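Chains, contacts and geometry: an overview
One-letter residues, chain by chain:
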Amino acid sequence: MSAATASAPALTAARQALKRYYGYDNFRPMQGDIIESILSGQDTVVLMPTGGGKSVCFQIPAVVSEGVCVVVSPLIALMKDQVEALKANGIVAAYINSSVSQSESTDITRAALSGHLKLLYVSPEKLLGEGFLQFLKRLNVSMFAIDEAHCISSWGHDFRPEYTQLGALRQHFPSTPIIALTATADRLTQRDIKTQLNLHEPRVFLSSFDRPNINLVVRPGQDRLGQILDFIGRHPNDAGIIYCLSRKTCETVAQKLQQKGIKAGHYHAGMTPNQRGAVQEAFLQDDLQVIVATIAFGMGIDKSNVRWVMHYNLPKNIEGYYQEIGRAGRDGGPATALLFYSFADVMSMRDMVTKDVPPRQAQLNQAKLERMQQFAEAASCRRRILLHYFSEDLGHDCNNCDICRNPPITFDGTLLAQKALSASVRTQQRVAINLLIDILRGMRNQAVLQHGYDQLKTYGAGHDLPYLDWYSYVHQMLNDGLFYIAYEEGYALKITERGQQVLKGQLPVSLKKFQPAEKAEKGTRASKKAAAEAAAASAGSPEARLFERLRQLRKQIADEQGVPPYVVFTDTTLQEMAREQPTSRVAMLSVSGVGMKKFETYGEVFIEAILQHGTPRAVPTEYEADEPNVPPFNDDFAPAPRAATKAADRDPSEDVTFQLHRQGLTPEQIAEQRNLVVGTVRSHLEKAYAKGLDLRLQDFLSDYDLAEIATARKQLGGTPALRDLFDHLREKYDYFQLRLAGVYEQRRGR
Ligand code: ADP
Ligand code: ZN
């Protein structure tokens, strides 16, 4: 193995690039080591979960190295997304695939030859297509990055035959390092990646597959729609995906949501590529809040602000489930994965995965389904179970799954079990779960009456328990091995040896108390109301309102620029902005996710929005001790003057601004000189003016302007909100001018 290590300056450069281009202060645990490995020229394999931050692992080395990094990626949509995100960060990147026209492609190759490109994304077909490798030889290729590298393995679920040809890279570029990245961690895939890419003694980085920010929840599959509506009602602005098994379900669920006024769309393989593209695009742009989709949706979706993923039906294995829920919370912010579970789903899934496949495959599929089922029925920390499946031990309970949050309460369920077993015996063990529960609860429906089950001794023996409780308990009995299901007999419940022992009173049974949804989440009905009120209150908190405002701004900018909103800023970045309310350049740049380029492109507008929002944080940072308050003017943006809360009415920073103004500098020049944003300078001037200092008002407003604004104010009557004034004057004057005019009128005593 090569003993080379990346030089210390190279690592420093990498760290600086992370801050400069991405606005992040630190590498995540493994990123630094991976980057060091690749910068030292070593072949590197990276196994990291979705959202773990793989892109940075090759993008940063690409940025700090000479030459161009060639990225092989299987999905056109993903390439486009990544290149857009790179550009938004100020990194020169391009992609070539079948969607790129000949002339565009020529431009790109020219840019590559001139040495301007830092990253070039290509599809495997293009890469191995005629002449492309020869072309690459004319470039200075710093490294190859093979994204979604598991596609090389025929064992995997995303096998792509083109990927197997990538071994050729090593022959053509014997000394160019290769970094292979994937979110699939199993051994076979790992081995295939190493051998098929002809990697030379690669360093392998296997990161934890835990996604601690995803809250794992499993709910009984009863009244799914009601539960979904309830959830969305409590998360009205959060984007999410609902996975369904069938196309039909996708459509009906989406329709039901639409009827409730939710912006939902459906997505499945039965739609035309155009239809699918449009739905996907609308989701990426935040124009659709919810996508109801088959598992065809999601591959190659980079949307970082998916806040929740639901499984309307049970997934067929844990691999699939984990991959799908991994699409939530990629930005690291809190996210929810909600799985609906019912036995009926297990049944139909069981049929699906065993039908028309060779017996060995059927066996394997069924075993995997059983693991999925065990997860759904777990009574201990779900995350531990999941990670265990991927051969990882968390070492402690997670505190972010439904079981950890509401540890099940166990009780002696022997009597309940005996009632159920006995009822089953009296039907000659002929009934399936639902009918058994109906009998126990004394229901008078057709199925019951038709067979005379209302005459049984156990009829109504469990009338005191609601359906859902029984549903849960019978499932628990199944899991406990008191019953089994005779699939071939209409899913009739059959009593096992163990069940017989319970029936005879030879064996006690312990059950977990069933907790209905709202209890599980927020206690009683009364506290449900309280929770709703709290949610409403927090939605109305200044921070939440600012977040909403910033989200709108982001959406507006994204639409103007034709990029998805999360490419502008991620949710977590906006949240930090809403919390910290940065109003200076330095403060804005210290927000995680605000790099130089993004600051240059969007910084001013966002600062302006924060200033207009009008409640800068009470605690100024060192640099911001001079930060402005919105001037004392009676409108809905401006709070009461902060001057009153200050010991002295004078603010040194404001004074400096004012002096520069008196010397004839424009706000822009002052901002430049003082390394402040223009909004801050204006705010200084407004405050100075409101305190009675003399401003060169004519720099900003003519007499005619002042008169026009005063007239408009009169027309609106009372003390109109600035926004109304702004609209009334058809946006002719900006807020700064309107505020100054307001102070002018105040000073003249109106
Ligand atoms: P993956 O490709 O592994 O699914 P991404 O590369 O898309 O993950 O990264 C997921 C999210 O995490 C992105 O929003 C990315 O910008 C962010 N991220 C990556 N590295 C860091 C870091 N060091 N600090 C903060 N955020 C990061
Ligand atoms: Zn847990």
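Remember, it's a predicted structure, so these values are computed and weren't measured experimentally. (Residues numbered from 1 in each chain as written. Chains lettered and ligands numbered in written order. Predicted model: local features only at pLDDT ≥ 70, side-chain atom pairs only at ≥ 80, totals over all residues. Heavy atoms only, no water.)

Across its full length, the protein chain holds 35 helices and 17 strands. Considering only C-alpha atoms, the protein chain reaches an extent of 100 × 70 × 45 Å along its principal axes. The contacts of the protein chain with a sequence gap of at least 6 include a subset with a gap of at least 24, amounting to 71%. For the protein chain, the accessible surface area stands at approximately 33,700 Å², while carbon and sulfur atoms represent 51% of it. Separation between the mean location of the 86 positive side-chain charges and that of the 84 negative ones in the protein chain comes to 4 Å. (Helix = DSSP H or I, 4+ residues; strand = E, 2+ residues; numbered from the N terminus. Contact = heavy atoms within 4.5 Å. Areas by Shrake-Rupley, 256 points an atom, 1.4 Å probe, with all protein chains shown as cover. Lys, Arg positive; Asp, Glu negative; His and termini not counted. Charge placed at Lys NZ, Arg CZ, Asp CG, Glu CD.)

Okay, the site of ligand 1 next. Contacts to ligand 1 come from 14 residues, most closely from Tyr24, Asn26, Gly51, Ser55 and Arg330. In the environment of ligand 1, an oxygen atom lies 2.6 Å from a nitrogen or oxygen atom belonging to the side chain of tyrosine 24. Asparagine 26 is positioned with one of its backbone polar atoms (N or O) 2.8 Å from a nitrogen atom of ligand 1. Here ligand 1 loses 85% of its free accessible area of 570 Å² to cover by the protein chains. Element by element, the count of residues in the shell around ligand 1 is highest for helix H3 (residues 54-64), at 3 residues. When the residues that make up the shell around ligand 1 are grouped by side-chain class, the tally is 4 nonpolar, 7 polar and 3 charged. (Near = heavy atom within 4 Å. Polar contact = N/O pair within 3.5 Å; in protein donor to acceptor, adjacent residues only side chain to side chain. Nonpolar A, V, L, I, M, F, W, Y, C, P; charged D, E, K, R; others polar.)

With respect to topology, 7 strands assemble into an open sheet ordered E3-E4-E2-E5-E6-E1-E7, the strand pairing being parallel. Whereas interior strands pair on both sides, the edge strands pair on one side only; in this sheet they are strand E3 (93-96) and strand E7 (203-206). Neighbour to neighbour, the strand axes of the sheet diverge by 20° on average, direction disregarded. Of the pairings in the sheet, the one linking E3 to strand E4 (residues 119-122) comprises 4 bridges and is parallel in character. Bridge assignment links alanine 94 to a residue of E4, and that residue is leucine 120. The sheet strands contacting H3 are strand E1 (44-47), strand E2 (68-72), E4, strand E5 (141-146) and strand E6 (178-182), and the helix crosses E6 at an angle near 160°. (Pairing = 2+ DSSP bridges. Axes fitted to C-alpha atoms, helices over the stretch in contact; angles between N-to-C directions.)

Inspection of every chain in the model, using the stated rule, returns 31 salt bridges. Between arginine 579 and glutamate 580 there is a salt bridge, with its nearest N and O atoms 3.8 Å apart. Arginine 579 sits in the partly exposed class, given a relative accessible area of 38%. Glutamate 580 gets classed as partly exposed once you look at its relative accessible area, which sits at 33%. For lysine 691, the salt bridge identified is with glutamate 654, shortest N-O distance 2.6 Å. In this pair, lysine 691 is assigned in the loop between helix H32 (678-690) and helix H33 (703-716) and glutamate 654 in helix H30 (residues 652-662), connecting sequence segments 37 residues apart. Among the residues examined, lysine 691 registers a relative accessible area of 35% and is labelled partly exposed. (Salt bridge = Lys/Arg side-chain N within 4 Å of Asp/Glu carboxyl O. Buried < 20%, exposed > 50% of the residue type's maximum accessible area, 1.4 Å probe, protein only.)

A pair of packed helices is captured by two measures, namely the crossing angle of their axes and the spacing between those axes. Two elements in contact, helix H1 (residues 8-22) and H3, have axes whose closest approach is 9 Å; the angle formed by their N-to-C orientations is 105°. With respect to each other, H1 and H3 are oriented roughly perpendicular. On H3, the residues that touch Ala13, Ala14, Ala17, Leu18, Tyr21 and Tyr22 of H1 are Val56, Gln59, Ile60, Val63 and Val64. By residue class, the composition of the contact of H1 with H3 is 10 nonpolar, 1 polar and no charged. (Parallel < 35°, antiparallel > 145°, perpendicular 65-115°, else oblique.)

Turning our attention to the coordination of the zinc ion (ligand 2). Within the first shell, the zinc ion (ligand 2) binds the protein through Cys381 (SG), Cys398 (SG), Cys401 (SG) and Cys404 (SG), at distances of 2.4 Å. Considering all 4 donor atoms around the zinc ion (ligand 2), the spread of angles at the metal, 102 to 123°, places the coordination shape in the tetrahedral class. Coordination of the zinc ion (ligand 2) draws on donor residues from a single chain, spaced C-x16-C-x2-C-x2-C in sequence. One end of the pair, cysteine 381, is in the loop between helix H15 (359-376) and helix H16 (382-389); the other, cysteine 401, is in the loop between H16 and helix H17 (402-405), with 20 residues separating them in the sequence. (Donors = N, O, S within 2.8 Å, 3.2 Å for Na, K, Ca; no water. Tetrahedral: all angles 85-135°; square planar, octahedral: opposite > 155°, others 65-115°.)

Now for the side chain of asparagine 365. Take asparagine 365: it is sitting in helix H15. Judged by its relative accessible area of 17%, asparagine 365 is buried. Here the side chain of asparagine 365 touches valine 353 through a polar contact of 2.9 Å, landing on its backbone oxygen. Filtering out sequence-adjacent residues up to four positions away, asparagine 365 remains in contact with Val353 and Val357.

Moving on, we get to helix H35 (residues 735-747). An ideal rise of 1.5 Å per residue puts 18 Å on 13 residues; H35 measures up with 18 Å between its terminal C-alpha atoms. The element H35 is largely enclosed, with a buried count of 10 among its 13 residues. Buried residues of H35: Tyr735, Phe736, Gln737, Leu738, Arg739, Leu740, Ala741, Gly742, Val743 and Glu745, and no others. Against helix H29 (596-613), H32, H33 and helix H34 (722-728) lie the buried residues of H35. Where H35 begins, one side-chain oxygen reaches toward the backbone nitrogen of phenylalanine 736, 3.1 Å away; that side chain belongs to aspartate 734. Immediately downstream of H35, the backbone of glycine 749 shows phi near 70°, a positive value. (Expected span 1.5 Å × (residues − 1).)

One non-glycine residue, asparagine 198, lies in the positive phi region at around 55°. Position of asparagine 198 relative to the elements: it lies in the loop between helix H9 (187-196) and E7. Among the residues examined, asparagine 198 registers a relative accessible area of 33% and is labelled partly exposed.

The predicted model of the protein chain has a mean per-residue pLDDT of 86, with 90% of residues at 70 or higher. Every residue in residues 518-528 scores below 50 in pLDDT, and together they form 12 contacts with partners more than four places removed in sequence or on other chains. Low confidence marks residues 618-648, where pLDDT is under 50. Its contacts with residues over four positions away, or in another chain, come to 72 contacts. (pLDDT = per-residue confidence, 0-100.)

Before going further, it helps to spend a moment on helix H18 (residues 414-426). The end-to-end C-alpha distance of H18, which contains 13 residues, comes to 18 Å, matching closely the 18 Å that a straight helix rising 1.5 Å per residue would cover. Inspection of H18 places Thr414, Leu416, Ala417, Ala420, Leu421, Ser422, Ala423 and Ser424 among the buried residues, and these make up the whole buried set.

All right, on to the domain arrangement of the protein chain then. Structurally, the protein chain comprises domain 1 (8-206), domain 2 (214-405), domain 3 (410-512) and domain 4 (541-747). Once you take the C-alpha centre of each, domain 2 and domain 3 turn out to be 30 Å apart. Facing 11 residues of domain 2, the contacting portion of domain 3 comprises 11 residues. Interface area for domain 2 against domain 3, summed over the two sides, is near 950 Å², with a carbon-plus-sulfur share of 61%. When residues of domain 2 are sorted by the area they lose upon contact with domain 3, Gln222, Phe343 and Met347 head the list and together hold 52% of the total. Run the count over domain 2 and domain 3 and you get 0 salt bridges. Here domain 2 is connected to domain 3 by 1 residue pair in polar contact (both at pLDDT 80 or more). For the side of domain 2 that touches domain 3, the leading source of residues is helix H14 (residues 343-354), giving 4 residues. For the side of domain 2 that touches domain 3, a count of residues per class yields 5 nonpolar, 3 polar and 3 charged. (Domains from an automatic or database assignment. Buried area = accessible area lost by both parts, 1.4 Å probe.)

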